[in-house]
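# Results of the structural survey
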Amino acid sequence: MRRDFKSNRYWAPWVLTLILLLGAGLVGPGAQAAEDVVIGVMTPLTGPYSFEASTQVHCAQLAVEQINAAGGVLGGRKIKLVVEDTMLKPGIGVNKARKLIERDKVKFLTGGVSSAVTLAISNLAVQYKVVHLGIGGSNALTNKKCNRYHINLDTAAYQMATGTGVIVVDQLKLPKEWFCITADYTWGHTCFDSVKRFLESRKGKVVGNVFSPLGTKDFSPYLTKALAAKAPVLCGIVYGGDQVRFLKQVEEFGLKDKMKIVVPAGDVTISKAAGPDAVAGVYVGLPWYWDIPNQTTQAFSKAYFARFNEYPSWAGVQVYDSIKVLAEAIEEVGSLDTGKIIKALEGKKFQTSKGPEQIRACDHRAIQDYYVGIGKSAKEMKNSWDMLKIVGSTGGEQIMIPCAQTGCKMGAY
Amino acid sequence: MANNNQSTQTLAAFVDRREMGLPGWRSSMVFLGLSVGFFWISPSPSMATEVLVFALFALSFNILLGYTGLLSFGQAVYFGLGAYGASLFLIHVMNNLWLALLGGVAVAALVALGIGFLCLKHHGVSFAFLTLAFAEMIYFIVFEMRNITGGDDGLTGIPRPDLILPGISLSLANSTVRYFFVLTLVALCYLLTYRILNSPFGRVLAAMRENEERTAFLGLAVRRFKLSSFVLSGAMAGLAGGLFSINLNFVPLEILHWTVSGEVVIMALVGGVANFFGPAIGAALLIILRDVLSSYMERWQLVVGIIFALVVMFLPLGLSSILSKLKVLFSGQWRGGVSK
Amino acid sequence: MEAVFLPTILTQLLNGLVIGMTLVLLALGLSIIFGMLRVINFAHGALYTMGAYAAVFLISFGANFWMALVFGALATAVLGALIERVCVRPLYGKGEILPLLLTFALSMIFTELVLMIWGPMGYDFSTPEVLKGFVNLGFVRYPAYRLFLIIFTAVLCLCLWLFLERSRLGLLIRAGTEDIDMARALGVKVRNLFTMVFAIGAGLAGLAGVMAAPLTSVSPYMGMDVLIQAFVVVTVGGMGSFRGAIWAGIIIGELMALAVLIWPPISHVSIFAFMALVLLLKPEGFFGKQ
């Protein structure tokens, strides 16, 4: 027995050695071929946003394939992708990003669905002077918490709220008294503030608002409150699975007969999960949609569908655009000097998969178009992806927060 | 007192008293050497540092499960509060490393004192659920206090303190300094825990784990010993949290989530609760799996789940027990006959 | 705060009842499994998800809602029986912690399997044709499916109660819950009873998943949050108590619905504070045995 007890203590270290060697063996020589330009894609493959994440990976692949087929960058150097799963957790995202920067000497990062993860990584990127083309809608990313090395091609919550507002109120003449149900986290809060600001600027108002915790299963208590407020428009500032449940329950309670339903930010994946019954007649704000009626988008969608047999979410397309514009900037600068590349990206005008965009120098957000689609009924749909009909678009500086109001102070290059 | 027996049996049933070994100095030295070497083997210094942080966190958990016989399902609270405490101190009070860590530990220990005082009247499952309820409450309170804690965004903009030792000042922005700084503290904590568990106090804990009723009959204030162990564990988790936030330079809200409490349970169990270094082994394995496997396969958590299930079913004393069994076999051959 | 009128409050009470009834189905399963086997089933949330996906699977072959409902419940019941036979059985007599950890591992595995088979994107799940539309209750037009959910769950609880109280099998189960050694000594085949109880509990979770699917649609992580809420219900009501699960389910549902009227941010904190309070003052729960 005594030996039994003693034996434990000698063997513990060897187990650890085994684990370490196993780990080291798996990691192996992580060195890249010297001439490759490596881009890290930080995306939440594990967790509730894994569909968006998988389209980000696909879009990144498509972009890289196209760039490499056209001869790569800097006279024939190929672009190589490294994908890391952030698991939708900022802590893990930062650690994995740091692993790429420290071990693989990665100088370029992109990807992301949740603003919280993107914010955490942007905070890291500036310390290492790594170009971070992150994706995330929270205003904070490019307002008070902006930094020199973070550029965001996603639409800010401000653009989502104002863009949707301009289209549904100014163009489609919906009433200006809204009741909001808002997701209780940063993106929701900033988007709600922007909606409020927009309505007040049009002499309308927010009649009432309830914050719903992220991951709300049953919206019926909130909907009952909305119904009691008797507002003509119900605005659902919720995303992902929450939006699916919100739309389904709105339909279930027959709210669509009594009020117009607006969601300032939606996506084809959400509409598909909610189903045509729930989405029919709902005004859905969209940064991108596969069926936007212009040639650039149609051509992109066709190529993407041919390659992956699905249509991407907009979070994916923004990664495609990020990699494309990054490659252009690298060509322009003629080296991998990240400071110079950032400088080249500031104010840059470029073509994306939906048309021309420009990166503002003052806050690193892209001036771009915003769309509103209206949900089709099952009868109107041509195929299972044909969920929405684009009914209006807007864009430019008018839907962006004025530079002076961002509160953004960039650091050094 | 029917409940009492239940809770003690709960653990005694699968942790044989004889197996609760403390390490000798030789294996400790080997272990320390490995930890130093790990810095060069690991794919990145920050991951290596994270392994150390979780090794400390898992040790703090095992003080409760392995040495006191309490299953806490809210260990993330102290880890999280240690991180928030240290970081808020750095932001709002002053940029001093030692005081910040101390602040984090103090917050965690105080909260552990409060929660422990309320929960330790209870046993087994109701204790586990009580700790879970408090953990969820604290998670949502921190979530709602976005003005102070940054809510769902996490806490950013934490200044990087320097490591000021007599004579020199080193920057913790340097990952090598950071690793060896954390290693020193974690090693000291392991040493401290070893000393505590080896003291009369540690023997009382072991006695309570084996049979709480009898310990009480010996005239020992069972609840006070339990509370001390709970606070010690909370303080150590708080230090781990503080180190975590210094390594990351950021505090994500996720570290207060109940899944983190679940992760630390997995780490301790997979490594082995009966082995002093078991939790460290579990922490290393899980973090390496997470960081390495996830680059190769999307559904890597399936592998973790299967390993965990197999360990629970066939190796309740964790991976560290496989090789100790082999050792018995070998030593039997060498020394002529297995003792039994 | 805007004025709250009586119809709003009444509607809100109904909403709370719907949330509560889904929780009751889950909590009942957790509770009878714990009552007999002393196993805290962390895989219960994953079984809820599996039930919903089993229904999705059958519907993709053209089945209707009712067939899918039965299939979802049966499939999870079979899965539950398998779990008990293969994984949980070797752990009896080794305390409460190992089975808890094992089911925790199983829940990870099941969630990953769902992701592997059906992918990360959610599925739409439509309400059965008959139950679309509304019922006019005077103060509100309430969705028919939700009323059905309330009544169906209530009837199911009644049937389950009758089964436990009046049938021979129910008698054996109660005997096993009351005193397992005595039951064994009297010649009851406890092992088969264990499998059956686990299967019933799992089946109830699967059923809850299918019932909730038209309200929430189907996604791989749908069971995660519900699981924690079900734990709240079980501990408040008393581990292993049938009446407790029902009452606590309704109370927690109402608490969550009414918190929205008063001050939404406290809706989460309040249920956990309630849970902690009950556990501190009455560790065995409202209806649990001392």
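Before reading on, note that the structure itself is shown above.
Structure report, in brief. Nothing here was measured: the structure is a model prediction, and the numbers come from that model. (Residues numbered from 1 in each chain as written. Chains lettered and ligands numbered in written order. Predicted model: local features only at pLDDT ≥ 70, side-chain atom pairs only at ≥ 80, totals over all residues. Heavy atoms only, no water.)

This paragraph deals with the overall build of chain C. The helix and strand tally for chain C stands at 11 helices and 2 strands. Here chain C has a C-alpha radius of gyration of 19 Å; the compact-globule value for 290 residues is 19 Å, and the two agree. By principal-axis analysis of the C-alpha atoms, chain C measures approximately 60 × 50 × 35 Å. Burial status across chain C gives 62% buried among its 290 residues. For chain C, long-range pairs separated by at least 24 residues make up 77% of all intrachain contacts whose partners lie at least 6 apart in sequence. Approximately 11,100 Å² of chain C is accessible, and the part contributed by carbon and sulfur atoms is 71%. Taking the 16 positively charged and 13 negatively charged side chains of chain C as two groups, their mean positions are separated by 10 Å. (Helix = DSSP H or I, 4+ residues; strand = E, 2+ residues; numbered from the N terminus. Rg over C-alpha atoms; globule rule 2.2 N^0.38 Å. Buried < 20%, exposed > 50% of the residue type's maximum accessible area, 1.4 Å probe, protein only. Contact = heavy atoms within 4.5 Å. Areas by Shrake-Rupley, 256 points an atom, 1.4 Å probe, with all protein chains shown as cover. Lys, Arg positive; Asp, Glu negative; His and termini not counted. Charge placed at Lys NZ, Arg CZ, Asp CG, Glu CD.)

Attention shifts here to the state of the cysteines. Summed over all chains, the structure comprises 2 disulfides over all chains. Each sulfur in the disulfide pair Cys362(A) and Cys403(A) lies 1.9 Å from the other. Sign of the S-S torsion, about -70° for the bond between Cys362(A) and Cys403(A), identifies this disulfide as left-handed. With a gap of 41 residues between them, Cys362(A) in the loop between strand E12 (355-359) and strand E13 (366-367) and Cys403(A) in the segment after strand E15 (388-394) connect regions that are remote in the sequence. Accessibility expressed as a relative area gives 24% for Cys362(A), which makes it partly exposed. On the accessibility criterion, Cys403(A) (35% relative accessible area) is partly exposed. Here the bonded cysteines of chain A are numbered in sequence order, and their pairing is 1-4, 2-3. Free of any disulfide, Cys159(C) has its nearest neighbouring cysteine sulfur in Cys157(C), separated by 9.2 Å. Here Cys159(C) falls in the partly exposed class, since its relative accessible area comes to 45%. (Disulfide = S-S within 2.5 Å.)

Residue and element names in this part refer to chain A. Between the first and last C-alpha of helix H11 (residues 295-308) there are 20 Å, a value that for 14 residues agrees with the 20 Å anticipated at 1.5 Å per step. In the core, the buried residues of H11 are packed alongside helix H2 (50-69) and helix H12 (314-333). At the N-terminal boundary of H11, the capping side chain belongs to Asn-294, with an oxygen 3.2 Å from the backbone nitrogen of Thr-296. Phi for Asn-309, located one or two positions after H11, is positive at around 55°. (Expected span 1.5 Å × (residues − 1). Polar contact = N/O pair within 3.5 Å; in protein donor to acceptor, adjacent residues only side chain to side chain.)

Let's shift gears to the nonpolar core. Core analysis: the biggest nonpolar cluster contains 361 residues, and Leu234(A), Phe246(A) and Leu243(B) have the highest contact counts within it. It is helix H1 (residues 6-37) of chain C that contributes the most residues to this core, 16 residues altogether. (Core = buried A, V, L, I, M, F, W, Y, C linked by side-chain atoms within 4.5 Å.)

Now for the packing of aromatic side chains. Applying the stated criterion across every chain yields a total of 53 aromatic pairs over all chains. Pairing Phe192(A) with Phe211(A) gives two aromatic rings, centres 6.0 Å apart and planes at 75°, and the pair type is edge-to-face. In this pair, Phe192(A) sits in helix H6 (residues 186-201) while Phe211(A) sits in strand E7 (residues 205-212), placing the two residues 19 residues apart along the sequence. Relative accessible area serves as the criterion here: at 10%, Phe192(A) is assigned to the buried category. Plain terms: the ring middles of Phe276(B) and Phe277(B) are 5.3 Å apart, the flat faces sit at 70° to each other, and that makes the pair edge-to-face. A relative accessible area of 7% means that Phe277(B) is categorised as buried. Arg148(A) extends its terminal NZ or CZ atom over the ring of Tyr413(A), reaching a point 4.3 Å from the ring centre. Sitting over the face of the ring of Phe117(B), Arg223(B) holds its NZ or CZ atom 5.6 Å from the ring centroid. (Phe/Tyr/Trp six-rings, centres within 6.5 Å; stacked < 30°, edge-to-face > 60°. Lys NZ or Arg CZ within 6 Å of the ring centre and 35° of its normal.)

Residues and elements named next belong to chain A. Strand order across the open sheet formed by 7 strands is E7-E6-E8-E9-E10-E14-E15, with mixed pairing between neighbours. The sheet is open, and its two edges are formed by E7 and E15, each paired on a single side. Taking each pair of neighbouring strands and ignoring which way they run, the sheet shows an average axis angle of 20°. Set on the sheet, H6 makes contact with strand E6 (177-183), E7 and strand E8 (233-237); between it and E6 the angle comes to about 170°. (Pairing = 2+ DSSP bridges. Axes fitted to C-alpha atoms, helices over the stretch in contact; angles between N-to-C directions.)

Glancing now at the side chain of Thr190(A). All names here are of chain A. Tracing the sequence through the fold places Thr-190 in helix H6. Under the relative-accessibility criterion, Thr-190 is labelled buried at 16%. When neighbours within four sequence positions are excluded, Thr-190 is seen to be in contact with Ser-138, Asn-139 and Ala-157.

The next point concerns the pattern of salt bridges. What the rule picks out here adds up to 28 salt bridges over all chains. Taking the shortest distance from any N to any O, the salt bridge between Arg146(C) and Glu252(A) comes out at 2.8 Å. Of this pair, Arg146(C) sits in helix H5 (residues 144-166) while Glu252(A) sits in helix H8 (residues 240-252), on two different chains. Here Arg146(C) matches Glu252(A) in class, with each residue buried. Put simply, Asp218(A), Glu252(A) and Arg146(C) are held in one network by salt bridges that share partners. (Salt bridge = Lys/Arg side-chain N within 4 Å of Asp/Glu carboxyl O.)

Residue and element names in this part refer to chain A. One non-glycine residue, Lys-203, adopts positive backbone phi at about 65°. Secondary-structure assignment places Lys-203 in the loop between H6 and E7. Given the relative accessible area of 76%, Lys-203 is considered exposed. A positive phi angle is found at His-364, which is not glycine, with a value near 65°. Secondary-structure assignment places His-364 in the loop between E12 and E13. Classification of His-364 by relative accessible area gives buried; the value is 0%.

Residues and elements named next belong to chain A. Burial along strand E11 (residues 349-352) is one-sided: Phe-350 and Thr-352 are buried, while Lys-349 and Gln-351, pointing the other way, are not. Both E11 and E12 contribute to a ladder of 4 bridges, which runs antiparallel. The residue of E12 that forms the bridge with Lys-349 is Gln-358. Between the antiparallel neighbours E11 and E12 lie 2 residues.

Turning to the pairing of strand E10 (residues 283-286) of chain A, a few remarks are in order. Residue and element names in this part refer to chain A. A two-sided burial pattern is seen for E10, the buried positions comprising Tyr-283 and Gly-285 on one face and Val-284 and Leu-286 on the other. Across 2 bridges, the pairing between strand E9 (residues 260-263) and E10 is parallel. Bridging across to E10, Val-262 finds its partner in Tyr-283. Sheet topology places E10 next to strand E14 (residues 370-375); 4 bridges connect them, and they run antiparallel. Counted as the bridge partner of Leu-286 is Tyr-371 from E14.

Everything listed is a geometric property; what it means functionally is a separate question.
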